[in-house]
Amino acid sequence: MESLRHGHYEDVQALFAGTLFVAMALMLFGQAGLLIGSTAGIAFLLHYVTDISFGKLFFAINLPFYWFAWTRMGREFTIKTFLSVALLSVLTELFPHVMHVDYLNPLFAAVLGGLLLGTGCLFLARHKSSLGGATILSLYLQQSRGVRAGKVQMAIDCVVVLLALFVVPPDRVAYSVLAVLVMSGFLWISHRPGRYVGH
């Protein structure tokens, strides 16, 4: 089974591609005034309230979760997650300088962004990484309890997005909920324990 192990180059390309997909999704959400759940959602809410950049807030909010990841998920997962979070923080700071969308329908942003998020998170999960926060908890419960990561992620994300009713217009919250459902549904169907044999 040794041949099924991911090599370092495979890990690098998967972590970069997965994080890039997520950064693109977050760029779409930012342009459309949407948000997402987990620590990214909290960072978006704080960004909308304080005008501090999303990248800085996202990196700082994830710092407390690394202890849990190190003790429950192992060194490799924690290091890869830290690198993915750091890369996402850098990419989200960079994107406004290299890409701007003049018009973006929020429904399209919700669907495309949700699929990009789901795909990016799946890449990361299959290479023993995540984007921190609730994703760490979701993957841990899937490994230890057999509860699908998509179900846990959906529950947590919906709570965070509903809190946005106090910060962003209701119609943008509705589109954000749709994005959460698209992303979580994608993960629910695609990320099942034992289906993927690479590691």
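Predicted, not measured: the structure shown is a model, and the values here were computed from it.

**Some details on the overall build of the protein**
Step number 1: The helix and strand tally for the protein stands at nine helices and zero strands.
Step number 2: Listing every helix and strand of the protein by position from the N terminus yields α-α-α-α-α-α-α-α-α.
Step number 3: A globule of 199 residues ought to have a C-alpha radius of gyration of about 16 Å, and the protein, at 16 Å, matches this closely.
Step number 4: Burial status across the protein gives 48% buried among its 199 residues.
Step number 5: Roughly 10000 Å² of accessible area belongs to the protein as shown, and the carbon and sulfur atoms make up 69% of that amount.
Step number 6: Mean positive and mean negative side-chain charge positions of the protein (13 and 9 charges, respectively) differ by 13 Å.

**Overview of the pattern of salt bridges**
Step number 1: Taken as a whole and assessed by the stated rule, the structure comprises five salt bridges.
Step number 2: We note a salt bridge from Lys-128 to Glu-76, for which the minimum N-O separation is 3.9 Å. Taken as a pair, Lys-128 in the loop between α6 (106-126) and α7 (134-145) and Glu-76 in helix α5 (residues 75-98) lie far apart in primary sequence, 52 residues in all.
Step number 3: Look at Lys-128 and you get partly exposed, because its relative accessible area is 32%.
Step number 4: Between Arg-172 and Asp-171 there is a salt bridge, with the nearest N and O atoms lying 3.4 Å from each other.
Step number 5: Since its relative accessible area comes to 25%, Arg-172 is described here as partly exposed.
Step number 6: With relative accessibility at 39%, the residue Asp-171 sits in the partly exposed group.
Step number 7: One salt-bridge network, held together by shared partners, links Asp-11, Glu-76, Lys-80 and Lys-128.

**Focus: helix α3 (residues 54-62)**
Step number 1: Those residues of α3 lying buried are Phe-54, Gly-55, Leu-57, Phe-58, Ile-61 and Asn-62. One side of α3 holds all its buried residues, which, seen down the axis, span an arc of 165°.
Step number 2: The inward-facing, buried residues of α3 abut α1 (8-32), α2 (38-50), α4 (65-72) and α5.

About the criteria used
- Residues numbered from 1 in each chain as written.
- Predicted model: local features only at pLDDT ≥ 70, side-chain atom pairs only at ≥ 80, totals over all residues.
- Heavy atoms only, no water.
- Helix = DSSP H or I, 4+ residues; strand = E, 2+ residues; numbered from the N terminus.
- Rg over C-alpha atoms; globule rule 2.2 N^0.38 Å.
- Buried < 20%, exposed > 50% of the residue type's maximum accessible area, 1.4 Å probe, protein only.
- Areas by Shrake-Rupley, 256 points an atom, 1.4 Å probe, with all protein chains shown as cover.
- Lys, Arg positive; Asp, Glu negative; His and termini not counted.
- Charge placed at Lys NZ, Arg CZ, Asp CG, Glu CD.
- Salt bridge = Lys/Arg side-chain N within 4 Å of Asp/Glu carboxyl O.
- Arc of directions from axis to C-beta.
- Contact = heavy atoms within 4.5 Å.

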